Amino acid sequence: MKNFLAFNPVKLHFGKNVVQELGTSASSHGKKALLVYGGGSVLRNGSYHDTRKQLQAQGIHVTEYNGIKPNPRVENVDEAAGIGRTEGVDMVVAVGGGSVIDSAKIIAICIAEGSDAWEVMTGKHKPASALPLIAVLTLAATGTEMNAVSVLQNSETQEKIGYRNELIYPVHSFLDPSYTQSVPANHTAYGVVDLVAHCLEAWFGKGEATLSDRFVISVIKEAQEFGPKLMKDLDNYELRANIMWAATCALNNLTIYGRESGDWGVHALGHVLSFLYDTAHGATLSIIYPAWMKVLKERAGDRILQLGKELWGSSSVDQSIEGLESFFKSLGGPLKCQEEGIEAICKNEILSLMNKQDAGGMNFSLSDKEREELLEYMF
Ligand code: NZQ
Ligand code: ZN
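The rules behind the values
- Residues numbered from 1 in each chain as written.
- Chains lettered and ligands numbered in written order.
- Predicted model: local features only at pLDDT ≥ 70, side-chain atom pairs only at ≥ 80, totals over all residues.
- Heavy atoms only, no water.
- Core = buried A, V, L, I, M, F, W, Y, C linked by side-chain atoms within 4.5 Å.
- Buried < 20%, exposed > 50% of the residue type's maximum accessible area, 1.4 Å probe, protein only.
- Helix = DSSP H or I, 4+ residues; strand = E, 2+ residues; numbered from the N terminus.
- Contact = heavy atoms within 4.5 Å.
- Pairing = 2+ DSSP bridges.
- Domains from an automatic or database assignment.
- Buried area = accessible area lost by both parts, 1.4 Å probe.
- Salt bridge = Lys/Arg side-chain N within 4 Å of Asp/Glu carboxyl O.
- Polar contact = N/O pair within 3.5 Å; in protein donor to acceptor, adjacent residues only side chain to side chain.
- Nonpolar A, V, L, I, M, F, W, Y, C, P; charged D, E, K, R; others polar.

Enquirer: Just to check I follow, could you spell out the nonpolar core for this structure?
Expert: The tendency in soluble globular proteins is for nonpolar side chains to be buried side by side. Ranked by internal contacts, the top residues of the largest apolar core, which has 103 residues, are Phe204, Tyr289, Trp292, Met293 and Met378. Broken down by element, this core gets its largest block of residues, 10 residues, from helix H7 (residues 185-203). If sequence neighbours within four positions are ignored, Met378 has contacts with Leu273, Ile287, Ile288, Ala291, Leu335, Lys336, Cys337, Gln338 and Met354. Grouped together as the second largest cluster of nonpolar side chains are 19 residues, Val18, Ala33, Leu35 and Val136 included.

What follows is the structure, given as structure tokens:
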């Protein structure tokens, strides 16, 4: 086991009506808030109104920025930060899924520092401060509500990249599973795939950490038990709650402590699809994880088999991979690019961007030839 520092400062409020605690939580952070959201789903599921009401009740002045896109763009972050600076806001309040919260994390830095978002993302600007961020999560998937990561894309540099900094842990995150009852079937499935993929990135990471391995298996078992049931009963509060908490625990550091790192290769490869075709994050993982395992059958065979034994009682590497494929399929996750409208004619374009970025993991880097093989499994 590697040395590690266990740290997570997020005050996470979980359950029905927890947003009623938002006003008093926000009031200690100032009198002016920038309220950030996406394309409007939050206006229909109650989360926006509940949040605004809480801020108003405390006399907190609200300036809004909306229009954050799935696969969030750096230009929206810069624009929102400019508005926040002009208004002199004291805090950022994000209402939405991972894209909104990830954007708000960098907005919180850029307002405090007067910095350019991409300079922050690429590490050219090293921030010393960030405004406090309050998150109201409406989609169970990314774990952003309890971690220090943001993922943004930039059309100029042709990249979708992640950034980590302890400054961007939300100070409070509010998780009311009832807000997720309106998430449509496809995004619900992508969310379950994403949380499983976060566990797998830890599982295939560098270094041994047995308790972290057991967390991985337990979180995936939650997804196995409740994911397929939820897909048949999208309005079920209890199932939504189980999946929401599992998604948080899949990426709040618990599965990483004691390892040198996760792998994150499948995420890097998936970001190429999201960048090129605006494919939803979870859909990219559903296609690429089984394909990646097929390519890594020799190099990661032991680990794939151990996973399969734990989750599906598999007795071979192939059976383990089939287990994962069937699981993603049972949720409605895609296994081939064509299911997401990406045709074989795109193969070269995908491969050349993957190769240009040398997309691969921290534990298992990939050669150009392996990425070519991967592409064959993806179509
Ligand atoms: O834009 P609106 O109208 O809000 O609609 C969204 C969007 O169209 C909709 N939605 C959200 N909550 C809803 C809802 N629709 C109905 N009812 C609700 N309650 O769902 C669509 C997808 O939203 P998005 O925020 O993009 O999804 P998700 O939460 O999966 O976030 C994906 C983003 O997070 C990044 C991904 O790369 C991707 O950009 N990730 C962030 C991570 C992190 N910060 O730790 C780690 C992950 O691996 C991931 O990379
Ligand atoms: Zn992910």
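Following the structure, the description resumes.
Enquirer: Even after reading the chapter, I still don't get the pairing of strand E8 (residues 172-175), so can you show me in this structure?
Expert: Burial of E8 is two-sided: the residues His172 and Phe174 facing one way and the residues Ser173 and Leu175 facing the other way are all buried. As paired strands, strand E1 (residues 11-14) and E8 are joined by four bridges and run parallel to one another. Paired with Leu12 across the strands is Ser173, a residue of E8. Relative to E8, strand E5 (residues 133-137) is paired through four bridges, and the arrangement is parallel. From the neighbouring strand, Val136 faces E8, where its bridge partner is Phe174.

Enquirer: Explain the side chain of Thr63 to me, please; I cannot follow it from the model alone.
Expert: Here Thr63 is to be found in strand E3 (residues 61-65). Apart from residues lying up to four places away in sequence, Thr63 is in contact with Ala33, Leu34, Leu35, Ile83 and Glu87.

Enquirer: I keep staring at the domain arrangement of the protein and nothing clicks. Help me out?
Expert: Its domain assignment divides the protein into domain 1 (11-180) and domain 2 (185-378). Between domain 1 and domain 2, the residue contacts involve 30 residues of the former and 25 residues of the latter. Between domain 1 and domain 2, roughly 2,200 Å² of surface is buried when both sides are summed, and carbon and sulfur atoms account for 58% of that area. A per-residue breakdown of the area domain 1 buries against domain 2 is headed by Ala141, Gln158 and Lys160, which together make up 23% of the total. Put simply, domain 1 and domain 2 have one salt bridge between them. One salt bridge connects Arg73 with Asp278, and the closest N-O pair in it is separated by 3.2 Å. Linking domain 1 with domain 2 are 10 residue pairs in polar contact (both at pLDDT 80 or more). At the level of secondary structure, the elements contributing two or more residues to the side of domain 1 that touches domain 2 comprise E1, strand E6 (149-154) and strand E7 (159-164). Of the residues belonging to the side of domain 1 that touches domain 2, the class tally is 12 nonpolar, 11 polar and seven charged.

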